[in-house]
Each structure stands twice: as C-alpha cells, then as structure tokens.
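# Descriptive analysis of the structure
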Amino acid sequence: MVCQVMNQDHIHIGTSGFSYTEWVEAGFYPKGTKTAEMLGLYASVFGTTELNYTWYQMVRTDATERMLSRVSGDFLFTAKLTRTMTHEQDEEWRKQAALYRRGMQPLARAGQLAAVLVQLPPGFDRTPGNRTYLGALLDELAGLPLAVEFRHASWARDSVFRELEKRRITLVTVDEPQLPGLFPCLDVVTNPDLTYIRFHGRNRAGWQSGAMQKKFDYNYSSRELEDWLDSYGKALIETPKQSLIFFNNHVRAQAPANASLFRKILVRS
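Since the model is a prediction, treat every value here as computed from it, not as a measurement.

With that out of the way, let us pick up the pattern of salt bridges. According to the stated counting rule, one finds 17 salt bridges in the structure shown. Residue Asp139 is joined to Arg167 by a salt bridge in which the shortest nitrogen-to-oxygen separation is 2.8 Å. One end of the pair, Asp139, is in helix H6 (residues 128–140); the other, Arg167, is in helix H7 (residues 158–167), and 28 residues separate them in sequence. Classification of Asp139 as partly exposed rests on a relative accessible area of 48%. Between Glu163 and Lys166 there is a salt bridge whose closest N-O contact spans 3.3 Å. Residue Glu163 and its partner Lys166 are both found in helix H7; the two are separated by 3 residues, about one turn of the helix.

Have a look at this one:
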C-alpha cells in the first residue's frame, strides 16, 4: 500500500545529469539531438536536474548563465561540489570553494539553485582528520543550500545528524545496494526546509565491480518504488518544505524512465 502524499507541489523529481548521448540512442531525446539542445528538451519534461559536470570541472558564471537562458524561471538546479574539494582535497581547496561560490552566483541570484551536493567518496570515513576537514569545508560554503551525501557507514550516527541539524544542512538519503560499509538508506531529516533523495539503483554486482556503466545500470520496478515510498515517503516527502528526488541510474536512459514512473506513482497515491 502506497502512503498518502497530500501535497505534491513541493516535490521536485528529475535525474542526475541530463547530457548523455546514449539517451538519444535510447529514445529519450529525438534522433540527431545535439548536446547544446539537451537541457532545453530535458526541461520540457522535468522541472529540476542535478548538474553532474560540476564534479569534474569548476563551474563558471558564463556556463550557468547559458543554462538559465535555456530553461524557464521556475526550473531548479542542484550541483555537485567539484571533486577537488571532496575526492582529491586540493591543497588550495579554500580558493576552489571561492571559485565555486562565484560560479554558482547566477543560479543563486535567480532563485534557481535548490542545493549544492557535497558528495563524499566511499573511503571518506569518520576519522578525526576527515571530521575536521568536513567541518571546515562546510564553514567555507556556509550560506549556500548544502546537502551532504555520505558513502561510508561510519557517518551514520546521531552525533553527525545533530551537527547537520544545527547547521541546517540536509542529509542526503541514498537508495543503493545494501553492501557492507556503505551508508544505509535512512529517513533522517536534518533540515526541515529540504530533503534530498538519490536513487542510485540496486545493481549489487555492478557496485562490487567498480565499473561505472555497470554500477548505475538498473531499472526500478513499480513495486520497488512503491515499497520505498511506503517505508520512507512520510518522513522524507511529506514533512519538509521542499523535496528533491533524483535518479542516478543513467545507463540506457533508465533514469528519466524511472523518474517519470515515480512521478506517476505519486500522482495516483
């Protein structure tokens, strides 16, 4: 039985990234679609997206201004923090944080920056050094709408949740294979203004292989999404002022198909 979601205006569903050439082959984008045309086409179907490229390279104001010109004024963006501050921890990470903040200004000024995703790697466990670094990083990014995604299970503790709550930072809820050491799927709300949910898929063998294409090659069934909604929907979707839901199983355009399916399940719930 699917839980009753009374008001859906605050729920925003989309995909992690939108610029995938394989989505043309899979039929989500029309044949012959060029990369520069993808955001506009995507925005005709979904009202939000998670920017993936900002993890690989530093975001620039000219790029975010171009993106704004291709979507409507109510379209929402979230963006991954650049890897030099999460996975590589560049010695000049404070300068990187300042550059990132500058690149986000057009989206923030337009009121279309819903969140900044601080995605931490699986090896980033809860050591004293990592705790100190993360605290300093969050301080440096203060003022931005922050959401933290832990991958290591050592961070799943009440003291961490209380600190996020004190800072009004969102704990990202992850749906992924239940493997030893991975952060579990929780219905913990640390920021009453925002919940952030990422569906990575449940391809256990793919995650264990480490191959990116295998890792996110998964197609959720209606039953799986309905069961998730029953288990976590009330706390994560009904309670906050705004809920962001992204599907990261991008292989073969399964993400947009599952995002559309989840939206239909919410409508009929």
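The discussion continues.
Further remarks concern the sheet that holds strand S6 (residues 170–175). As summarised here, the arrangement of the 8 strands in space is S1-S2-S3-S4-S5-S6-S7-S8, forming a closed barrel in which the pairing is parallel. Averaged over all pairs of adjacent strands, the angle between their axes in this sheet comes to 25°, without regard to strand direction. Two elements, S6 and strand S7 (residues 194–199), share 4 bridges in a ladder whose sense is parallel. Along S7, the bridge assignment pairs Val172 with Tyr196. Across the sheet, helix H10 (residues 222–238) is in contact with strand S1 (11–16), S6, S7 and strand S8 (242–247); its angle to S7 comes to roughly 160°.

For the rest of this paragraph, the subject is the confidence of the model for the protein. Close reading of the predicted structure is inappropriate where its pLDDT is low. On average, residues of the protein carry a pLDDT of 94, and 97% of them reach 70 or more. In the model, residues 1–6 has pLDDT below 50 throughout and makes 20 contacts with residues more than four positions away in sequence or in other chains.

Closest axis-to-axis distance for the helix H4 (residues 61–69)/helix H5 (residues 93–109) pair is 7 Å, and the angle between their directions is 25°. By the criterion of interaxial angle, the relationship of H4 to H5 is roughly parallel. The handedness of the crossing between H4 and H5 comes out as right-handed. In this structure, H4 uses Thr61, Thr64, Glu65 and Leu68 to contact H5, whose residues at the interface are Arg102, Gly103, Met104, Pro106, Leu107 and Arg109. For the contact of H4 with H5, the per-class residue count stands at 4 nonpolar, 3 polar and 3 charged.

Attention now goes to unusual backbone geometry. For residues that are not glycine, phi is negative in most cases, and the peptide bond is trans in most cases. Here the phi dihedral of Arg168 falls at roughly 55°; this positive angle occurs in a residue that is not glycine. For Arg168, the position within the fold is in the loop between H7 and S6. The backbone phi angle of Ala253 is positive, close to 60°, even though this residue is not glycine. In this fold, Ala253 is placed in the loop between S8 and helix H11 (254–268). For Ala253, a relative accessible area of 9% corresponds to the buried category.

Bringing the packing of aromatic side chains into the picture now. Within the structure shown, the criterion is met by 25 aromatic pairs. Centre to centre, the rings of Phe124 and Trp155 are 5.6 Å apart; their planes meet at 5°, and the pair counts as stacked. Of this pair, Phe124 sits in the loop between strand S4 (113–119) and H6 while Trp155 sits in the loop between strand S5 (146–149) and H7, and the two are 31 residues apart along the sequence. For Phe124, a relative accessible area of 4% gives the class buried. Trp155 gets classed as buried once you look at its relative accessible area, which sits at 4%.

Now for the side chain of Gln112. Positionally, Gln112 belongs in the loop between H5 and S4. The exposure class of Gln112 is buried, given its relative accessible area of 6%. A distance of 3.1 Å separates a polar atom in the side chain of Gln112 from the backbone oxygen of Ser72. From its side chain, Gln112 meets the backbone oxygen of Phe75 in a polar contact 2.8 Å long. Aside from chain neighbours lying at most four places away, what touches Gln112 is Leu68, Val71, Ser72, Gly73, Phe75, Leu76, Phe77 and Leu107.

It is the contact of H5 with H6, at a shortest axis distance of 10 Å, that shows an interaxial angle of 35°. Like other packed secondary-structure pairs, H5 and H6 cross with a definite hand, here right-handed. Taking contact as the criterion, the partners of Trp93, Arg94, Ala97 and Arg101 in H5 are, on H6, Tyr133, Ala136, Leu137 and Glu140. Here the residues of the contact of H5 with H6 sort into 5 nonpolar, no polar and 3 charged.

Reading the values: the criteria
- Residues numbered from 1 in each chain as written.
- Predicted model: local features only at pLDDT ≥ 70, side-chain atom pairs only at ≥ 80, totals over all residues.
- Heavy atoms only, no water.
- Salt bridge = Lys/Arg side-chain N within 4 Å of Asp/Glu carboxyl O.
- Helix = DSSP H or I, 4+ residues; strand = E, 2+ residues; numbered from the N terminus.
- Buried < 20%, exposed > 50% of the residue type's maximum accessible area, 1.4 Å probe, protein only.
- Pairing = 2+ DSSP bridges.
- Axes fitted to C-alpha atoms, helices over the stretch in contact; angles between N-to-C directions.
- Contact = heavy atoms within 4.5 Å.
- pLDDT = per-residue confidence, 0-100.
- Parallel < 35°, antiparallel > 145°, perpendicular 65-115°, else oblique.
- Left-handed = near helix turned anticlockwise from the far one by under 90°.
- Nonpolar A, V, L, I, M, F, W, Y, C, P; charged D, E, K, R; others polar.
- Phe/Tyr/Trp six-rings, centres within 6.5 Å; stacked < 30°, edge-to-face > 60°.
- Polar contact = N/O pair within 3.5 Å; in protein donor to acceptor, adjacent residues only side chain to side chain.

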